[in-house]
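Geometric and topological summary
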Amino acid sequence: SQTIHQWPATLVQPVGSPLSLECTVEGTSNPNLYWYRQAAGRGLQLLFYSVGIGQISSEVPQNLSASRPQDRQFILSSKKLLLSDSGFYLCAWRGGDRGRIRRNEKLFFGSGTQLSVL
Amino acid sequence: EDKVVQSPLSLVVHEGDTVTLNCSYEVTNFRSLLWYKQEKKAPTFLFMLTSSGIEKKSGRLSSILDKKELFSILNITATQTGDSAVYLCAVLRGGSQGNLIFGKGTKLSVKP
């Protein structure tokens, strides 16, 4: 069965420090991978998605970047954190768009990282 | 701009009550609508709706989609304190990326 791991669960960082959040998926190949941020009262905002190794699309301009060095690994980074980067970050995956489309429409989430920038 | 709007944003009921959560959307290239329940951390999948008028049911929860009026409802009957959570509605767009657009969620609190 497929599983998704995201770490760390909680992170407190000072303003201006770097960030690296990691997400890995097991039990599937060539997944679509996503990073979402959930700020209080604002719902889930898509930050980045990737349909393959080295392929990153950004949905909103910001202080963050993403990388996909391996098929099932997705990393969210920042060189210098801002106060506004605080929030709950969720990694998610779904099957790539090959084969039966309707089986691949559910998005599965990791357990999230609560980031506080102070 | 594509958007998903949920209402109400917050709701407090007592155990045994029935609640209806609403989700309306304006999305180009609609593919499907999904409901998630988020208690503390990761949202967990509830329903996926693709066709109009077909009710999906799981225990006390049910949901239906109206593609003509562009909305969906999630019903919870005989609510329990364990139903307290944020309920998220999301629409999957077609295209190569197939991204989900989420609403802001409805925070449901069920009091004993």
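In what follows, the structure referred to is the one given above.
Residues numbered from 1 in each chain as written. Chains lettered and ligands numbered in written order. Predicted model: local features only at pLDDT ≥ 70, side-chain atom pairs only at ≥ 80, totals over all residues. Heavy atoms only, no water.

**Thoughts on the overall build of chain A**
Within chain A one finds zero helices and eleven strands. When the backbone C-alpha atoms are referred to their principal axes, chain A occupies close to 45 × 30 × 25 Å. Counting the 118 residues in chain A, one finds 47% classified as buried. The long-range fraction of contacts in chain A, counting pairs at least 24 apart against all pairs at least 6 apart in sequence, stands at 57%. (Helix = DSSP H or I, 4+ residues; strand = E, 2+ residues; numbered from the N terminus. Buried < 20%, exposed > 50% of the residue type's maximum accessible area, 1.4 Å probe, protein only. Contact = heavy atoms within 4.5 Å.)

**Details of the interface of chain A and chain B**
Between chain A and chain B, the contact holds 25 residues from the first and 23 residues from the second. Both sides of the chain A and chain B interface together cover about 1,800 Å² of buried area, and 55% of this is carbon and sulfur. On inspection of chain A and its partner chain B, the count reaches one salt bridge. Of the charged contacts in the structure, one is a salt bridge between Glu-59 of chain A and Arg-93 of chain B, with a shortest N-O distance of 4.0 Å. The tally of links between chain A and chain B comes to three residue pairs in polar contact (both at pLDDT 80 or more). Taken together, the elements giving at least two residues each to the side of chain A that touches chain B come down to strand 4 (32-39), strand 5 (43-52) and strand 9 (87-94) of chain A. (Buried area = accessible area lost by both parts, 1.4 Å probe. Salt bridge = Lys/Arg side-chain N within 4 Å of Asp/Glu carboxyl O. Polar contact = N/O pair within 3.5 Å; in protein donor to acceptor, adjacent residues only side chain to side chain.)

**Considerations on the side chain of Lys-37 of chain B**
Residue and element names in this part refer to chain B. Turning to its location among the elements, Lys-37 is positioned in strand 4 (residues 30-38). The exposure class of Lys-37 is buried, given its relative accessible area of 13%. A polar contact is formed between the side chain of Lys-37 and the backbone oxygen of Gly-82, at a distance of 3.0 Å.

**Quick word on the pairing of strand 9 (residues 85-93) of chain B**
Residue and element names in this part refer to chain B. Taken across its nine residues, strand 9 has eight buried, putting it largely inside the fold. Here strand 4 pairs with strand 9 via eight bridges, running antiparallel. Bridge pairing links Trp-35 to Cys-89 in strand 9. One ladder, built from three bridges, connects strand 9 with strand 11 (residues 106-111); its direction is antiparallel. From the neighbouring strand, Ala-85 faces strand 11, where its bridge partner is Leu-108. Summarising the sheet, strand 9 and strand 10 (residues 100-102) pair through three bridges and their orientation is antiparallel. Counterpart to Ala-90 in the pairing with strand 10 is Phe-102. (Pairing = 2+ DSSP bridges.)

**Here we look at the state of the cysteines**
Residues and elements named next belong to chain A. Evaluated as defined, the whole model comprises two disulfides over all chains. Here Cys-23 engages in a disulfide with Cys-91; their sulfurs sit 1.9 Å apart. Between Cys-23 and Cys-91, the S-S torsion sits near -75°, and that sign places the bridge as left-handed. A residue pair is termed long-range when its members are at least 10 positions apart, and Cys-23 in strand 3 (residues 19-26) and Cys-91 in strand 9 qualify at 68 residues. (Disulfide = S-S within 2.5 Å.)

**Some details on the nonpolar core**
Membership of the largest hydrophobic core comes to 23 residues, with the highest contact counts inside it found for Val-4, Tyr-25, Leu-33, Trp-35, Tyr-87, Val-91 and Leu-108 of chain B. Contributions of two or more residues to this core are made by strand 3 (19-26), strand 4, strand 5 (44-49), strand 7 (61-66), strand 8 (71-76), strand 9 and strand 11 of chain B. Listed in part, the 20 residues of the second largest apolar core include Ile-4, Leu-11, Leu-64 and Cys-91 of chain A. (Core = buried A, V, L, I, M, F, W, Y, C linked by side-chain atoms within 4.5 Å.)

**As for the sheet that holds strand 7 (residues 65-70) of chain A**
All names here are of chain A. Here we have four strands laid out as an open sheet, ordered 1-3-8-7, and antiparallel in their pairing. Two strands bound the open sheet, and with one partner strand each, they are strand 1 (3-7) and strand 7. Put simply, the sheet's adjacent strands are angled 20° from each other on average, direction ignored. (Axes fitted to C-alpha atoms, helices over the stretch in contact; angles between N-to-C directions.)

**A short note on the pairing of strand 4 of chain B**
Residues and elements named next belong to chain B. The element strand 4 is extensively covered by neighbouring structure, given that nine of its nine residues are classed as buried. For strand 4 and strand 5, the ladder comprises five bridges, and the chain directions are antiparallel. Paired with Leu-33 across the two strands is Leu-49, which belongs to strand 5. In this structure, the hairpin formed by strand 4 and strand 5 is closed by a connection of five residues.

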